[in-house]
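# Report on the structure
In case you want the letters, here they are:
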Amino acid sequence: MKNTCCYSLLFANGSKGTMPVCDICCQELVSESDLRTHLLLSHLEREMNCPFCSLSGVSYDELNFHVAAAHREKDTDFQTPKESGQRCSVDQMDLNPQRSDGFCTSDLTPACPQTSKHQFSSVVHGTSAPSTGVALSQGQGTTSRAKSSPPAASTPNGTRRLVHTEKTQEDPAEHRKSKQKRLSSPQKEKIFSCPFCSLVCGDCFILQEHVELHLQDQEASEGALSEAGASSQPCSSVRSDSGLKLYECPLCSLRCTDNSSLQEHVELHLDYGTAASSGDIPGDLRLARQLQEEEEKKRKEEEAKREEKDFKELQKVFGLDGSGGYRKQIERNMERAVRQGQMAPAEFHQKRAEVMESLASGVDDGQSRTTGVMEALYEFYQREARDSAHVWLCAETDHYAASVGDKGWGCGYRNFQMLYSSLRKMEHYRALNTLPDSVPSIPRVQALIEGSWAEGIDPQGASHFSKRLQGTRAWIGATEIYSILTALRVKARVVDFHQPTGPGNTHPLLFEFVKKYFSLQSSRGARLPPRVVKTNLPPVYLQHQGHSRTIVGVEERRNGSVCLLLLDPGCPSGAMKKLLNSKTAPASVGRMRKFPGHLKHSQYQLVIVEGVLTPEEKQTRVLNSRTLRAERIP
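Residues numbered from 1 in each chain as written. Predicted model: local features only at pLDDT ≥ 70, side-chain atom pairs only at ≥ 80, totals over all residues. Heavy atoms only, no water.

## A look at the pattern of salt bridges
Tallied over the full model, the rule gives 19 salt bridges. Here the residues in one salt-bridge network are D387, E555, R557 and R593, joined through shared partners. (Salt bridge = Lys/Arg side-chain N within 4 Å of Asp/Glu carboxyl O.)

Right under this line is the structure:
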């Protein structure tokens, strides 16, 4: 007979010789046949209701599957027995939660799948249930829940039962219509699957109610996330400018308009991570990675080429590109003059022989030299320039202009020739047997600097040029001038004005320092110095970024301003010879004057010659020059 498990359960509590009593509603009946009829009509065919939602009008199997699928987390105690055929018992019944409308229902869910799920009263044999809760055992686990105590009734055999209370009495006509509607649904013709989970239903109406539950849970979870999710995941969802809610991927910055798109995107992340860990990367991802690697490699190659090009241009600017030095530049210029018809071939060979002879001797040919410069300046200030209060001039110095062989890079060498032309005319320095008899040529100056590096002077500067200057067009600066002077036993020091000290990036301290250098010796006497003073001091080497010049005097005007008198290697020898003519001298002197507004480079360096070094002092300077440091002002 159908539902024998439930019948055996209900008759187990009756005793022989007494009137049968319904264990569900405690109604006494005359005979057992009346009890069976009562159970069938009043209880077993009643409509099945979901204890967690409004689902009704389904069979027990459908309801069991619905609860297990849709309310898995809510009803952890709702289980079906194993397929071993175990029978139902009161100990395998579970309490449903309290309804939200205020009525307490002590519904018991039979664990046997053959009995319909109905609201039973809890049966506890031999003792009364405590008011704080009911303890039920299911399998080997024990679940304890606290509920309000429902109304109780006593049975003839002394057993206390929790009386079942109905929420509402459903109209029999409505019940029959619902049942007919359910039975008329195409259960076996079609199968409907839930789009949110793995539930499969044979009735579209059941599936509709099931999907509505998913939507309700989703809205509830989204509401909770909007309130509490800002602290845990501040970027999980945002709103666009149009007010559309966007969901941000937790693994990247992608934003999706709905949860399903976000889920598919995250699954792609997870699939890629799993494939990468196992070494099985899809073809598209492998191709994308390969293209990215090729693009990165191409970018690095282009960057390396650009850096190499910039480095070669920098080497070319500083004359370290291996394109030849002084001799090759002269030969190229003369060959160009021959091609352009400016020089005859016979003249080319004659000048080339003269250049080779000059280079072999190591002495400058003197073609770019201008003598008598300091004498002409002295006469000019004696004769004119009444606006000058005081003028201090250095010892006799020749001007050396750039030639075709060193144009564009030889200013440092030419300024050394000017300084050396002054030293060799002074008896104090002429006594040194280390100084050459004549002014050396540019290749010879390069050889002298290499010799100073070989002695151990300024090893850092030597490493900058790879210890090689001959045959190159390398620029030199103040430290190279210091090195060659130290090697020649000339006492010198480097003074560094490393930052502007006046308004408009000017260097007033530099002007004051040079003025003090030239005027200190003449101001020691008791007598008032003359307006124009010709000292026996050597000129000062002046270096700044990209160029160098020679300071041969200082002029102090009546308004208190100070200007420097500079000899520039960039000035052609023809223009410098105009200084020797009294008619053109004012224009030449005007080009030599440099006020503070004319010197606005960020850094200047001076090389000051202060005397002669003894061999011991030279050795000490060689040792100290391993970490050569300039005197910094300020």
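There's more to say after this.
## Focus on the packing of aromatic side chains
This structure, assessed with the given rule, holds six aromatic pairs. For the ring pair W409 and Y413, a centre distance of 5.8 Å and an interplane angle of 80° mean the geometry is edge-to-face. Each ring, one from Y517 and one from F518, has its centre 4.9 Å from the other, and the planes form 75°; the classification is edge-to-face. On the basis of relative accessibility, which here comes to 15%, the residue Y517 falls in the buried class. (Phe/Tyr/Trp six-rings, centres within 6.5 Å; stacked < 30°, edge-to-face > 60°. Buried < 20%, exposed > 50% of the residue type's maximum accessible area, 1.4 Å probe, protein only.)

## Thoughts on the side chain of E450
Tracing the chain through its elements places E450 in helix α13 (residues 442-454). Of the side chains bearing the opposite charge, R468 lies closest to the buried E450, which forms no salt bridge; the N-O distance is 6.0 Å. Not counting residues up to four positions away in its chain, the partners in contact with E450 are K467, R468, L469 and Q470. (Helix = DSSP H or I, 4+ residues; strand = E, 2+ residues; numbered from the N terminus. Lys, Arg positive; Asp, Glu negative; His and termini not counted. Contact = heavy atoms within 4.5 Å.)

## Regarding the pairing of strand β22 (residues 562-567)
Most of β22 sits inside the fold, with six of its six residues counted as buried. Here β22 shows two buried faces, one formed by V562, L564 and L566 and the other by C563, L565 and L567. Here six bridges tie strand β21 (residues 547-557) to β22, and the two strands are oriented antiparallel to one another. Within the sheet, the bridge partner assigned to V554 lies in β22 and is L564. One ladder, built from two bridges, connects β22 with strand β23 (residues 593-594); its direction is antiparallel. Looking at β23, one finds that L564 is bridged to K594. (Pairing = 2+ DSSP bridges.)

## Let's talk about helix α11 (residues 411-423)
Taking 1.5 Å of rise per residue, 13 residues should cover 18 Å, and α11 covers 19 Å from first to last C-alpha, within 8% of that figure. A large share of α11 lies buried, amounting to 13 of its 13 residues. (Expected span 1.5 Å × (residues − 1).)

## Here we look at the confidence of the model for the protein chain
Interpreting fine coordinate detail is not advised for predicted regions of low pLDDT. Residue-level pLDDT values for the protein chain average 76, and 71% of them are 70 or greater. When the criterion is pLDDT under 50, residues 75-170 qualifies, and its contacts beyond four places in sequence or with other chains add up to 183 contacts. Segment residues 179-188: pLDDT under 50, and eleven contacts once partners within four positions in sequence are set aside and those in other chains are kept. (pLDDT = per-residue confidence, 0-100.)

## Observations concerning the nonpolar core
Within the largest apolar cluster, 86 residues are counted, with the highest numbers of intra-cluster contacts made by L377, L485, F518 and L606. With 14 residues, the next largest nonpolar core counts V58, L199, C201 and V211 among its residues. (Core = buried A, V, L, I, M, F, W, Y, C linked by side-chain atoms within 4.5 Å.)

## So, the side chain of S483
Its location among the elements puts S483 in helix α15 (residues 478-487). Residue S483 is classed as buried on the basis of its relative accessible area, which comes to 0%. Among all residues touching S483, those that are not within four sequence positions of it are S452, W453, I457 and D458.

## Structural notes on helix α18 (residues 585-592)
Looking at α18, one finds that the buried residues are A585, S588, V589 and M592. Here the buried residues of α18 occupy an arc of 100° about the axis, which is enough to place them on one side. In this structure, the buried residues of α18 make contact with α10 (373-383), β21, β22, α17 (573-576) and β23. (Arc of directions from axis to C-beta.)

## Details of the state of the cysteines
One pass over the structure, following the stated rule, counts zero disulfides. C252 takes part in no disulfide bond, and the closest cysteine sulfur, belonging to C249, lies 3.7 Å away. (Disulfide = S-S within 2.5 Å.)

## Topic: the environment of E347
Mapped onto the secondary structure, E347 falls in helix α9 (residues 345-361). Look at E347 and you get partly exposed, because its relative accessible area is 34%.

## Here's the deal with a nonpolar patch on the surface
A cluster of nonpolar residues, L314, V317 and F318, forms a patch on the protein surface that exposes about 250 Å² of accessible area. Looking at the secondary structure, you find L314 in helix α7 (residues 283-317). (Patch = residues over 30% accessible without salt bridge, like charges linked within 9 Å, V, L, I, M, F, W, Y side chains within 5 Å. Areas by Shrake-Rupley, 256 points an atom, 1.4 Å probe, with all protein chains shown as cover.)

## Quick notes on a positive patch on the surface
The grouping of K328, R332, R336 and R339 at the surface amounts to a positive patch. Inspection of the secondary structure puts R336 in helix α8 (residues 326-339). A relative accessible area of 37% means that R336 is categorised as partly exposed. (Charge placed at Lys NZ, Arg CZ, Asp CG, Glu CD.)

## Overview of the environment of Q603
Tracing the chain through its elements places Q603 in the loop between β23 and β24 (604-612). Judged by relative accessible area, Q603 falls into the partly exposed class, the value being 34%. In the structure, Q603 is positioned 97 residues away from T506 in sequence and 10.0 Å away in space, judged by C-alpha atoms. With near-sequence residues (within four places) excluded, Q603 lies in contact with D496, F497, H498, H507, Q543 and H544. At a separation of 2.9 Å, a polar atom in the side chain of Q603 contacts the side chain of D496. (Polar contact = N/O pair within 3.5 Å; in protein donor to acceptor, adjacent residues only side chain to side chain.)

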